[in-house]
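So you can see what is in the structure, the chains are spelled out below.
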Amino acid sequence: MNTSSKNYNRRAGTPSLIVGLSLAVIAAIVALIVSSQNKTPEQKPAAQNSSPQGVMSSTVEKEEKSNTESKTDEVKRSGLEIRYIDVGQGDSTLVMLPDGKNLLIDAGTKEYGEKVVEYLKGENIERLDYIIATNPNEENIGGLAKVIESFEIGRIYAPDIDDIIQDNSYTSEVSVAYDDFKKAISEKNLKVLSGRGGTHIYFSLSLTIDLIAPNVYTYSEINNYSIAVKIKYGQQSFIFMGDAENYSEQEILDGDYDIASDVIKIGNHGSSTSSGKTFIKEVKPKYAIISCGKDNKNGYPHQETLKTLEENEVKVFRTDLNGTISLKSDGMNELKITSEKQEKPSVESSKNISDSSSDESKQESGVSSETTAPDKSTDESETASKEESSTENTEG
């Protein structure tokens, strides 16, 4: 073969070589893409903490997130909403978080269980991400069995009282209600988490839910085992005292919790054994919610409690007078409260009165702040003026 023929063959073979190499490179790239798509993402271990409470607070929200992510993405709210449900002589509060999650604190007596279920369905609730059973009294947990049966449930918190209930001769109402509550939990293969002061239930950049009581394991009075809850949303805060009495309130004060709040759910239905002067002074609430039944046998709310609230210029809403009470917060300037029965409390005063007395002695006289006639327009809006501390202290 002459030289010109060899040169021609080289030139003719060059395009084939280039095409072949190009195809090989493309095939390799495709293989890498397919391989990366089929690879299972690395699972990072949950954060660990040497403290049992720390482990609960830092990991439990992460463990649950994947299970509820799709549902909470469907429901977004413009702020925090709270419903203090009228359950007669009992307690039940629904807290609807901005991210679509829902918290229920108690559910009234057994006879009100169905009413609570229907109310929740009326609010389009399909799942309760958190339930807090504050204490074993029938007027707090009697309706929870029905609620647990009726909804998808996330986590349940209750005080550590199994041994207390078994070792003491409490009334049949208490033991039966508690047994029904535990049975409903067992039938759905759920677990009860210990509810104690210092437990963090929920935290995000704008909202935290923390337990501030109980703070010890043993009490002589069953009401002091009650869970108390503090919710902080932006610059506004809310406290729910369950049935906690003066002794538990003093432990909260001693525990150096940040308890300053715009709204307080008064402890033990307004009993004189709760809402001590020093405690109310430290909370500095603008509004108080009292859940009690009309003409109840215990005479709740007691005049001593109403007097303390009056002295601190706290506006009072009561379920026996106002029915179900609804609250909406934007976490900044607006705090809007409306009531079912359209009864309007007395005119608001924003002035904080300093109570120089640390004495918890009872006052014999007092007046209810429910004094005006029914009015169709009962929305109460306000601009928050006080500064909240940026970091909440929840050490128990």
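Below, the structure is looked at part by part. Since the model is a prediction, treat every value here as computed from it, not as a measurement.

Below, the discussion takes up the overall build of the protein. Across its full length, the protein holds 11 helices and 15 strands. Across the protein, contacts joining residues at least 24 apart in sequence account for 71% of those joining residues at least 6 apart. Of the roughly 19,500 Å² of accessible surface on the protein, a fraction of 50% belongs to carbon and sulfur atoms.

A few words now on empty space enclosed by the protein. Within this structure, the stated rule accounts for 3 cavities of 30 Å³ or more. Each pocket or cavity is described by its volume, and for the largest cavity that value is around 60 Å³. Along its surface, the largest cavity is lined by D91, S92, T93, I105, D106, T134, N140, F240, M241, G242 and K265. Class assignment of the residues belonging to the lining of the largest cavity gives a composition of 3 nonpolar, 5 polar and 3 charged.

Our next topic: the sheet that holds strand β5 (residues 152–158). Pairing is mixed across the open sheet formed by 8 strands, whose spatial order is β6-β5-β4-β3-β2-β1-β14-β15. Two strands close off the open sheet at either side, each with one partner strand: β6 (192–194) and β15 (335–339). When the angles between neighbouring strand axes are averaged without regard to direction, this sheet yields 20 degrees. Pairing geometry for strand β1 (residues 80–84) and strand β14 (residues 325–329), over 5 bridges, is antiparallel. When the bridges of β14 are listed, R83 appears paired with S326.

We now examine the pairing of strand β9 (residues 228–233). In terms of burial, β9 is largely enclosed, as 6 of its 6 residues are buried. Residues A228, K230 and K232 point to one face of β9 and V229, I231 and Y233 to the other, with burial holding for every one of them. Bridge count for strand β8 (residues 207–213) against β9 is 6 bridges, and the pairing is antiparallel. Note on β9: the bridge partner recorded for T208 is K232. Of the pairings in the sheet, the one linking β9 to strand β10 (residues 236–240) comprises 5 bridges and is antiparallel in character. Counted as the bridge partner of K232 is S237 from β10.

Our next topic: the sheet that holds strand β11 (residues 263–265). Pairing in this open sheet of 7 strands is mixed, and the strands run β7-β8-β9-β10-β11-β12-β13 from one edge to the other. Each edge of the open sheet is held by one strand with a lone partner, namely β7 (200–203) and β13 (315–318). Each adjacent strand pair in this sheet contributes to an overall mean axis angle of 15 degrees, direction not counted.

Bringing the packing of aromatic side chains into the picture now. Scanning the entire structure with this criterion turns up 6 aromatic pairs. Between Y130 and Y202 the ring centres are 6.3 Å apart and the planes differ by 85 degrees, which places this aromatic pair in the edge-to-face class. Separated by 72 residues along the polypeptide, Y130 in strand β4 (residues 127–132) and Y202 in strand β7 bring together distant segments of the chain. Between Y287 and F317, the aromatic rings sit 6.3 Å apart at their centres with planes inclined by 45 degrees, giving tilted as the arrangement. Here F317 lies in strand β13 and Y287 lies in strand β12 (residues 287–290), a separation of 30 residues in the sequence. In terms of burial, Y287 and F317 fall into one category: buried. Through pairs of rings, three or more aromatic residues link up here, namely Y219, Y225 and Y247. Against the face of Y217 rests R196, its NZ or CZ located 4.0 Å from the ring centre.

The next thing to look at is the environment of P301. Looking at the secondary structure, you find P301 in the loop between β12 and α10 (303–311). When the C-alpha positions of P301 and N268 are compared, they lie 8.9 Å apart, and in sequence the two are 33 residues distant. Once you skip the residues sitting within four places of it in the chain, P301 turns out to touch H269, G270, I290, C292, L306 and R318.

This next bit is on unusual backbone geometry. Residue A213 is joined to P214 through a cis peptide bond whose omega torsion reads 5 degrees. Counting through the fold element by element, P214 comes out in the loop between β8 and β9. The step from Y300 to P301 runs through a cis peptide bond, and the omega angle for that step is -5 degrees. Phi angles above zero are rare outside glycine, and N124 is one such case at about 60 degrees. You can call N124 exposed: its relative accessible area is 67%. For S275, which is not a glycine, the phi torsion comes out positive at approximately 60 degrees. Its place among the elements puts S275 in the loop between β11 and α9 (277–283). For S275, a relative accessible area of 5% translates into the label buried.

Rules used throughout
- Residues numbered from 1 in each chain as written.
- Predicted model: local features only at pLDDT ≥ 70, side-chain atom pairs only at ≥ 80, totals over all residues.
- Heavy atoms only, no water.
- Helix = DSSP H or I, 4+ residues; strand = E, 2+ residues; numbered from the N terminus.
- Contact = heavy atoms within 4.5 Å.
- Areas by Shrake-Rupley, 256 points an atom, 1.4 Å probe, with all protein chains shown as cover.
- 1 Å grid on protein atoms, 1.4 Å probe; cavity = no way out; pocket = protein on both sides within 12 Å on 5 of 7 lines; lining within 4 Å.
- Points joined across faces, edges and corners; volume = space filled by probe spheres on them.
- Nonpolar A, V, L, I, M, F, W, Y, C, P; charged D, E, K, R; others polar.
- Pairing = 2+ DSSP bridges.
- Axes fitted to C-alpha atoms, helices over the stretch in contact; angles between N-to-C directions.
- Buried < 20%, exposed > 50% of the residue type's maximum accessible area, 1.4 Å probe, protein only.
- Phe/Tyr/Trp six-rings, centres within 6.5 Å; stacked < 30°, edge-to-face > 60°.
- Lys NZ or Arg CZ within 6 Å of the ring centre and 35° of its normal.

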